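# What the coordinates show
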Amino acid sequence: MRDYKRFTTIVIAALLIVAVAWVGHVTNQEVETVVQQQFNAQQLLLTRQSAAGIESFLEEKTVLIEVLAAGATDAPPEGMAQSFIPIYYRSRGFFAIQFVNSTGVVVSGYPAEDTPVGFDLYAANKNQAFDRAKDRREAYITDPTPLFEGGLGSCVWVPVYDDNEFKGVILAVIRVSALSERFLTDVMPEGHGYMYMIDHSGRSLYDGAHEEVIGKKYIGNFQANNSSYAKILREQIQKKDGTGYYFDEITGERQIVAYTPVVWRDRVWSVATSVPASETEALIHSVYRKQILFIAIVIAIILAGSGSIVLLFSRWNKELECEVEKKTDDLRRSNMELASANTGLLELDRLKSEFVSMVSHELKTPLTSMKISTDVLKSLSGSEKDIRTREEMLRIIDRNIERQKRLVSDLLDISRIETGNLKLSLEPVNLYDIIRESVESMRKIAEEVGIPIHLDLQGESPRITGDHDRLVQVFVNLIGNALKFTKEGEMRIWARMVDGHPEIRVSDTGIGIPPDELDLIFDKFHQVDSGLTREVGGTGLGLAICKGIIDGHGGSIRAESEVGRGSTFVILL
Ligand code: ADP
């Protein structure tokens, strides 16, 4: 039962731990997805902000040149550069502003050192954009091209018309580096990714991490056609807006890219942020760590809880075991008591049977004698001899009546002693007188058996309080036993004061009593199993009555003996 409870608790604890770990795992995955989504959205927002900045920068420059072209119809072509100066300085980002006359020759511009005055576009075969602007009658923007001075520049060609008369084209060169410095360079914190920008053909206009790429195409040069980065670049070329991952073959890291198009009139570029995936992983790991700590705490609580439950169960079980043990002990004890009571009862039953057979025997024997005597009496005539026989028969009848009377009175006495109803008539008595009286009453029997009785009563007779008749009964009984169990020798009665108390010793030179019987002979019906005992008969009640009487006087009685040499009964009053 105890093992079953412990096992159940452990199983529940294990299930709880698995459940907590599973919930933790699922939550982790959700957290990971949410963190990544959030991060990507944030990167995309950053990219869009930069793209919006670039768009408004370029649009502002274009509009400025358009305004300039609209108001430049009357100005002489050579003096046009004067009107470029305020715009050049007010709106930073122009590399140069030049005027190309209607025949395609550069005639003026600012700054003068960056203006190739006299350069004939038609002669150099660089007249395509010029023609486009002239034909479309509106601004035309070319893709960024390398400048003589280095870097990339994008050209805005704005035609100047005076009504329908074509006057020429204002050409403004905008440095790509001017806008990348302003909108892309310091956007990303140092060491946490970079920005890059490509034109519609996939050429790099700016790259915060790889300067050597600028002006060149990624795909085919720096990235294999089928690389994961090439896939993202293709999305960008298709003017899409979104996020993706690629594997950087140089750093060996996974990068997260957020890209968005930059629209400048009919030119569309694409700007992007590229951040190592480890950025989000660091974030996720920090959440992981906290979650694992949380889960560990929960598991520790579960373990501690289940441990306490197991402990509680075992304590309860222990208490229960103690209780059961105690009850078993009680049961065992009461069983033993029952068994001993049973033995007692069996012993009592045996005693009862013995008692019945003894009493029947003791009653029957005198009755038989009396019956024989009366039969003899009936047959007698008046002769001299018969007269003597009659006297003898009457004596026998008298003796047996006495014997029965004694037996009945002994039975009554023992019953009174056992029920606590032995009444003593206490009064001041003379102990030595009682002893002498008892000896006198037994003198005749003593003479009959030939055992002399010696009295040795020392000092003055002590005055004691006692029941005269009962004390005589005790001494008569003891003297009677001594005479019964002594075949030859003598018997003696001593009396003296010991420590202020009278001590009486009744001794004989008879058969003696075995040591293991010395205490038992004071039990009722107990007789030492010997041939002499059987021969002399008796009830086994005499000593039990003596002890009851002496106890009733507050005294004690004991026997001392040596088998074959005699016995002494010692009374202390
Ligand atoms: P009983 O009627 O048999 O004498 P008692 O109670 O007086 O009963 O004595 C119990 C038994 O003690 C006797 O049967 C006897 O075996 C033993 N006993 C008593 N007195 C003496 C004695 N003086 N010498 C030897 N045995 C004795």
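This text gives an overview of the structure that appears in the document. Predicted model, so just to flag it, every value in this text is computed and none were measured. (Residues numbered from 1 in each chain as written. Predicted model: local features only at pLDDT ≥ 70, side-chain atom pairs only at ≥ 80, totals over all residues. Heavy atoms only, no water.)

### With respect to the packing of helix α8 (residues 431–449) against helix α9 (residues 468–484)
Following both chains from N to C, one finds α8 and α9 inclined at 35°, their axes separated by 9 Å at the closest point. The way α8 lies across α9 gives a crossing that is right-handed. When α8 is examined against α9, the residues Leu431, Ile434, Ile435, Glu437, Ser438, Val439, Ser441, Met442, Ile445, Ala446 and Val449 are found in contact with a partner set consisting of His468, Leu471, Val472, Phe475, Val476, Ile479, Gly480 and Leu483. Of the residues in the contact of α8 with α9, the class split is 14 nonpolar, four polar and one charged. (Axes fitted to C-alpha atoms, helices over the stretch in contact; angles between N-to-C directions. Helix = DSSP H or I, 4+ residues; strand = E, 2+ residues; numbered from the N terminus. Left-handed = near helix turned anticlockwise from the far one by under 90°. Contact = heavy atoms within 4.5 Å. Nonpolar A, V, L, I, M, F, W, Y, C, P; charged D, E, K, R; others polar.)

### Focus on the pairing of strand β16 (residues 501–508)
For β16, the tally of buried residues reaches seven of eight residues, placing the bulk of the element in the interior. For strand β15 (residues 491–498) and β16, the ladder comprises eight bridges, and the chain directions are antiparallel. Opposite valine 498, over in β16, you have histidine 501 as the bridge partner. Linking two consecutive strands that pair antiparallel, namely β15 and β16, is a turn of two residues; a positive phi of about 50° is found at aspartate 499 within it. The pairing of β16 with strand β18 (residues 566–572) spans five bridges and is classified as antiparallel. In the sheet register, valine 506 faces β18, and the bridge partner there is phenylalanine 569. (Buried < 20%, exposed > 50% of the residue type's maximum accessible area, 1.4 Å probe, protein only. Pairing = 2+ DSSP bridges.)

### What to know about the packing of helix α7 (residues 384–419) against helix α11 (residues 542–552)
Two elements in contact, α7 and α11, have axes whose closest approach is 10 Å; the angle formed by their N-to-C orientations is 45°. As the angle between them shows, α7 and α11 are arranged oblique. Classified by chirality, the crossing of α11 by α7 is left-handed. Here α7 contributes Asp410, Asp413, Ile414 and Ile417 to the contact with α11, which in turn contributes Ala544, Ile545, Gly548 and Ile549. In terms of residue class, the contact of α7 with α11 is made up of five nonpolar, one polar and two charged. (Parallel < 35°, antiparallel > 145°, perpendicular 65-115°, else oblique.)

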